[in-house]
Amino acid sequence: MKAWKKVWTALGAFFEKHWWKFVPLFLLAVIAFPFILSDPQPSKTASNSEDANSEADNPPSKVVFNPESYLDTPLHEDLQRPWDFGKDLIRGVNLGGWLVLEPFISPGLFDPTIADEWVLSTKLRKEGKLSTISNHYATFITRDDFVQIKEAGLNWVRIPIPYWALGDIWDVEEEPYLVGESWEYFLRAVGWARELGLRICLDLHSVPGSANGWNHGGRTGSINFLHGQMGVVNAQRTLNYIRALVEWASRDGNKEVVPMVELVNEIFKNIVGDEEVRHFYTEAYRLVRQITGVGGGPVVAMHDGFRSGQKQWKRFLEGNDRIALDSHSYLTFGKAPVNDSLDIQASRACEKYGVAYNDSMRDFGFSFCGEWSLAVNDCGMYLNGVTQGARYEGSYAYGNEESYDPIGSCKEWNEYWNWSPERRQGLKQVAQAFMSSTRNFFFWTWKIGPKKDSEHPPNPFWSYSLGLEYDYVPTFTTPQSIEETNHFCDSKFPGSTRSYWDGVMRIGDGTVDPKQLNQYGQWPPAALAGLRTDHLPTLVKGGKPLILRPLRDVQDDGEWYERKAGCEASYKGIWAGVMEEVDGDWCRKNL
């Protein structure tokens, strides 16, 4: 003890004599302390690093974020009144390619051997480099993007998310994705929207088994949602995800920012079947309004399924409470390419969509365009898939679709930095035609990431942010610009559209037409594409509710689905595309 006392006495004497030498160290510690504690923020320049190889070689650390902190962001005054779907106009953009990866939107992450996110995730998981996807989430869309969207006069964003964002997968071999992390980034986006006054349409873009077989549907290939041997199981899983999203979107703090939830993106009804889709939508609507009650919770959006477009949904579920109809309107895809002038392309959009959306507002209720672009042809990197060319150049050949003779070179359309003022103005008028005729819209998409070894992002028809930079899309920043675009079709092409429907969203009392309930109320339907559903694997009710952060509880009404005990080995092959019934007891077979 005496020795220690001597040491302390000596140290005290030294500090008393030389204390001034320690002042700089003390000040440095004071300055550095807040930075040590703060969360790392993604830099804006990092968004230009999309090369999958370089990212994977130097995987970044995960951005630290408290998923509950978004609720601390003050609610912007624009969000403090309910949205009037009958009078207010949606002027929105999609944040495509952010939380659901697509080759043509983030080409730096893909190559001709990586067709979709399933292949990419499988590859990165084997290499221990899934942090490549984390880095994409952190850098591709940031608060700066939300600021620019707001400054352009846009008022909504549609955010596609995949089912694996919700953290509930069964088998990492079949579902190799980065699970759960994208939901945290979605919550960050909600915080930015709260701050800046933007509303969100939350779109379940990818579902188990894929609703369309395209690269943004989960996995390229066969359709296994409402189709094939695992069609019922995949649809039942999807109902769990929809319920979880609606539970979250109905809570205070969320409902002001997310007034609309889209059930499933782009069910390809040509293959899945009209009856099957109507049964699914009827069951999803029942479960949603069972949670929210009539007049509560978000508007429920359903996609038209493409075949026959909006007309087929006239009076569907009449008496419903706030169902919206989403249609995706493109001038290209699935038809012979054309080389018409941009003026003709603009008139075509006015004539085709002005009538269609107006009639749908009258015959169905609130109808909007969830996706459109400036693509007057199909030129673009990876637009038709990582191994396909373009119909415009005669280099596209897929499935049963006929091949086309080339009608031009894509080079002049892809090199937007060389576009003339006349071409930019022509494309701006094509944009105004879409906006004027559809009335409520989301452009696909906000931005395109860079490709490898190039200073120019590709695919200019599909990037609203690039259109702002190069002045080929309109803004909504002045009363004059808003008025000019809203009435573009009427003023530019008189007589091309009918008088705009000016009523309010059809709001029934929640009592759906009994005839339709009798026709579509059975769940699951008796058959999927001719396969008897009582001869297919199914889930059972009574499962544990799926609770999304930051919720602590949800309604447990006994209707959540789970795998039947003892049958786990029979729930394989969610992407397999098996089109046959199970012979005998499906639970006893390793499918």
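Residues numbered from 1 in each chain as written. Predicted model: local features only at pLDDT ≥ 70, side-chain atom pairs only at ≥ 80, totals over all residues. Heavy atoms only, no water.

Caption draft 1: Just helix α6 (residues 143-151), in detail. Of the positions making up α6, those classed as buried are Asp145, Phe146 and Ile149. One side of α6 carries all its buried residues, which in axial view fall inside an arc of 100°. Buried-residue contacts for α6 involve β1 (91-94), α5 (131-140), β2 (156-162) and α7 (181-196). Phi turns positive, to about 90°, at Gly153, one or two residues after α6. (Buried < 20%, exposed > 50% of the residue type's maximum accessible area, 1.4 Å probe, protein only. Helix = DSSP H or I, 4+ residues; strand = E, 2+ residues; numbered from the N terminus. Arc of directions from axis to C-beta. Contact = heavy atoms within 4.5 Å.)

Caption draft 2: Representation of the state of the cysteines. In total, this model carries three disulfides according to the counting rule given. Through a disulfide, Cys379 is tied to Cys410; the S-S separation comes to 2.0 Å. In this structure the cystine formed by Cys379 and Cys410 twists about its S-S bond by roughly -75°; its chirality is therefore left-handed. Taken together, the residues span a long stretch of sequence, with Cys379 in the loop between β7 (367-371) and α12 (411-414) and Cys410 in the loop between β7 and α12 at a distance of 31 residues. Accessibility expressed as a relative area gives 1% for Cys379, which makes it buried. Given a relative accessible area of 5%, Cys410 falls into the buried group. Between the sulfur atoms of Cys567 and its disulfide mate Cys587 the distance is 1.8 Å. Since a negative S-S torsion denotes a left-handed disulfide, the Cys567-Cys587 link at about -90° is left-handed. One end of the pair, Cys567, is in the segment after β12 (561-562); the other, Cys587, is in the segment after β12, and 20 residues separate them in sequence. Judged by its relative accessible area of 1%, Cys567 falls in the buried class. Exposure remark for Cys587: the relative accessible area of 17% places this residue in the buried category. (Disulfide = S-S within 2.5 Å.)

Caption draft 3: Spatial organisation of the packing of aromatic side chains. On inspection of all chains with the given rule, the structure shows 45 aromatic pairs. Ring centres of Tyr163 and Trp164 lie 5.2 Å apart, and the angle between their planes is 80°; on these two criteria the pair is classed as edge-to-face. Judged by relative accessible area, which is 0%, Tyr163 ranks as buried. Aromatic side chains Trp170 and Tyr571 sit 5.6 Å apart centroid to centroid with 65° between the ring planes, which places their arrangement in the edge-to-face category. (Phe/Tyr/Trp six-rings, centres within 6.5 Å; stacked < 30°, edge-to-face > 60°.)

Caption draft 4: Broad picture of α7. When the terminal C-alpha atoms of α7 are compared, their 24 Å separation across 16 residues agrees well with the 22 Å that a helix rising 1.5 Å per residue should span. α7 sits mainly inside the fold: 15 of its 16 residues count as buried. Directly after α7, the chain includes Gly197, whose backbone phi takes a positive value near 85°. (Expected span 1.5 Å × (residues − 1).)

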